[in-house]
Amino acid sequence: MDITELAQLALSKITGITHNANLRHFWVYVLCGMAIAVCAHRVGGDDRKFHSVFFKKEVWGSRSAFIDYIILIANPIIMVLAFDWLLKKLWSLSAIVASGVKSFGADLQSESGSIWVAVALTVSLYVVNDFMRWWLHYLQHKIPVLWEFHKIHHSAEHLNFATAERHHPLDAVFFLTGTISAAALVNGVFVGLFGDQLTVYQLGGANVIFFGSNLIGGVLRHSPAWVSYGPRIEKWLISPAMHQIHHSSDPKHWDKNMGGGLAIWDRMGGTLYVPKGREELDFGIGEETQDYRTVYGIYIEPLIKAKRIFQRS
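Residues numbered from 1 in each chain as written. Predicted model: local features only at pLDDT ≥ 70, side-chain atom pairs only at ≥ 80, totals over all residues. Heavy atoms only, no water.

1. Quick notes on the overall build of the chain
Stated formally: Helix and strand definitions follow DSSP, with helices as H or I runs of at least four residues and strands as E runs of at least two, each counted in order from the N terminus. Here the globule rule reads 2.2 Å times residues to the power 0.38, and the radius of gyration is calculated from C-alpha atoms. Between buried and exposed lies partly exposed: a residue is buried under 20% and exposed over 50% of the maximum accessible area for its type, with that area taken using a 1.4 Å probe on protein chains only. Note on definitions: a residue-residue contact is assigned when non-hydrogen atoms from the two residues lie within 4.5 Å.
Counting its regular elements, the chain contains 15 helices and 2 strands. Relative to the globule expectation of 20 Å for 313 residues, the C-alpha radius of gyration of the chain, 20 Å, shows essentially globular dimensions. Taking the principal axes of its C-alpha atoms as reference, the chain extends roughly 60 × 50 × 45 Å. Residues classed as buried in the chain amount to 46% of the 313 residues present. Put simply, 73% of the contacts in the chain that link residues at least 6 apart link residues at least 24 apart.

Printed below as a string of structure tokens:
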């Protein structure tokens, strides 16, 4: 891979906003999110001007924000150079699972073109992915070694759209290993039962349910805009405000609202926190936040701290 290819890769996370609906900062999501943020700001009765809240210097021009931008460019390069082979290998699990399902003799391939099979596959992929996002996130918070790497995401002192990609590469690999394996398993079961001529309902190349969930403000999860769906809806769906609470440095908010789209996993796991109204939040992980204000701190400090945990065990 030459320098030109690496440069193109580094820009992919930014240029992807024009065509990749699987990115949370896809331009359609951003436009819808901004419209929702403006409406929520007005309805919420905030006396401050919207631009003074959303575009304040600390959000987009702070040291924390610049670290976000560096990670946004550097991580795709690291992932391709070091881990692309692994992530591609995981998708091969689909064929293995399909072969295993076929060995049981089930033959439903005549139904492969059925609208109900397409709906079932679309819903299954979304629900399984959403559960895995919650469960893996739960593990990232509860297992000390995993937490050392996940701290990078929580070390952001201000939330902006780029913060969604603020992850240590090993944290990302752990998460992607789980979600890709789960998707491959679901695909394998359906291929084994119905053949490989299956349809997943998509918009812009993204699962239509994922697309819809992002239209209602998914991009605002990492932003300064407080957007709540209200207590009744938030028992079922994770709002941007609920995820911002997840990033709060207040101990009462720690380990809460770990879900991606659905709130049912948090409700079942006892990690749901539904705000009763607007809450003023500070972000970060307390005094330890200062360890992650440099590129060295972001990429090397977690390795050092994880090594200490292994040495003590």
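2. Topic: a nonpolar patch on the surface
Inclusion rule: Excluding any residue in a salt bridge, patches collect residues exceeding 30% relative accessible area, merging like charges within 9 Å and nonpolar Val, Leu, Ile, Met, Phe, Trp and Tyr side chains within 5 Å. Here the open area of atoms and residues is found with the Shrake-Rupley method and a 1.4 Å probe, where only the protein chains shown may cover a residue. Definition used for salt bridges: Asp or Glu carboxyl oxygen within 4 Å of a side-chain nitrogen of Lys or Arg.
Taken together, the side chains of I115, W116, V119, V123, V127, Y201, L203 and V208 make up a nonpolar region of the molecular surface, amounting to roughly 690 Å² of accessible area. In this fold, V127 is placed in helix α7 (residues 115–142). We classify V127 as partly exposed; its relative accessible area is 31%.

3. Regarding the pattern of salt bridges
Summed over all chains, the structure comprises 9 salt bridges. As a salt-bridge pair, D68 and R166 come within 2.6 Å of each other at their nearest N and O atoms. Of the two residues, D68 is situated in helix α5 (residues 63–91) and R166 in the loop between α8 (144–154) and α9 (169–194); the sequence distance between them amounts to 98 residues. Using a relative accessible area of 0% as the deciding quantity, one classes D68 as buried.

4. Re the packing of aromatic side chains
The following threshold applies: Note on ring pairs: Phe, Tyr and Trp rings are taken, using the six-membered ring of Trp, and paired if centres are within 6.5 Å. Classes follow the plane angle, with under 30 degrees stacked, over 60 edge-to-face and the rest tilted. Either the NZ atom of lysine or the CZ atom of arginine qualifies as a charge over a ring when it sits within 6 Å of the ring centre and within 35 degrees of the ring normal.
Scanning all chains against the criterion turns up 13 aromatic pairs. Between F26 and Y29, the aromatic rings sit 5.3 Å apart at their centres with planes inclined by 75°, giving edge-to-face as the arrangement. Y29 matches F26 in its accessibility class, with the two residues each being buried. Three or more aromatic residues joined by ring pairs make a cluster, and in this case those are F50, F54, F55, W60 and F161. Over the ring of W236 we find R267; its NZ or CZ atom is 4.3 Å from the centre of that ring.

5. Considering the side chain of E301
Inclusion rule: His is not counted, nor are the chain ends; Lys and Arg add positive charge and Asp and Glu add negative charge.
Relative to the elements of secondary structure, E301 occurs in helix α15 (residues 301–312). No salt bridge is formed by the buried E301, whose closest oppositely charged neighbour, K305, lies at an N-O distance of 4.3 Å. If sequence neighbours within four positions are ignored, E301 has contacts with D291, Y292 and Y296.

6. A few points about the environment of A35
Relative to the elements of secondary structure, A35 occurs in helix α2 (residues 27–43). You can call A35 partly exposed: its relative accessible area is 41%. Put simply, A35 and I216 are 181 residues apart on the chain and 9.9 Å apart in space, counted from C-alpha to C-alpha.

7. Looking at the nonpolar core
Going by this rule: To define a nonpolar core, start from buried Ala, Val, Leu, Ile, Met, Phe, Trp, Tyr and Cys residues and group those joined through side-chain atoms within 4.5 Å.
Membership of the largest hydrophobic core comes to 23 residues, with the highest contact counts inside it found for Y29, F54, F161 and L220. Per element, the largest residue contribution to this core is 5 residues, and it comes from α2. Ignoring sequence-local partners within four residues, the contact set of L220 consists of G33, I36, A37, F54, F161, A225, V227, P240 and Q244.

8. Details of unusual backbone geometry
Within the chain, D255 stands out as a residue other than glycine whose phi angle is a positive 60°. With respect to the helices and strands, the residue D255 is situated in the loop between α12 (240–246) and α13 (264–269). Its identity as a non-glycine residue notwithstanding, N257 has a phi of 55°, on the positive side. One can find N257 in the loop between α12 and α13.

9. Quick word on the packing of α7 against α9
Applied cut-off: Comment: axis = line fitted to C-alpha atoms, over the contacting stretch for helices; angle = value between 0 and 180 degrees taken between N-to-C directions. Here the word oblique covers every angle except those under 35 degrees (roughly parallel), over 145 (roughly antiparallel) and from 65 to 115 (roughly perpendicular). If you view the pair so one helix is near and one far, a crossing is left-handed when the near helix is turned anticlockwise from the far one by less than a right angle, and right-handed when it is turned clockwise.
The interhelical angle for the contact between α7 and α9, taken along N-to-C directions, is 155°, at an axis separation of 9 Å. Comparing their axes, α9 and α7 come out roughly antiparallel. As α7 packs across α9, the resulting crossing turns out to be right-handed.

10. Some words on the side chain of N207
Convention followed: Throughout this description, a polar contact denotes any pair of N or O atoms lying within 3.5 Å of each other; where both atoms belong to protein, one of them has to be capable of donating a hydrogen while the other can accept it, and for residues adjacent in sequence the pair is counted only when both atoms sit in side chains.
As for its placement among the helices and strands, N207 is situated in strand β2 (residues 206–207). Owing to a relative accessible area of 14%, N207 belongs among the buried residues under this scheme. A polar atom in the side chain of N207 sits 3.0 Å from the backbone oxygen of T122. Filtering out sequence-adjacent residues up to four positions away, N207 remains in contact with T122, L125, Y126, V200, Y201 and Q202.

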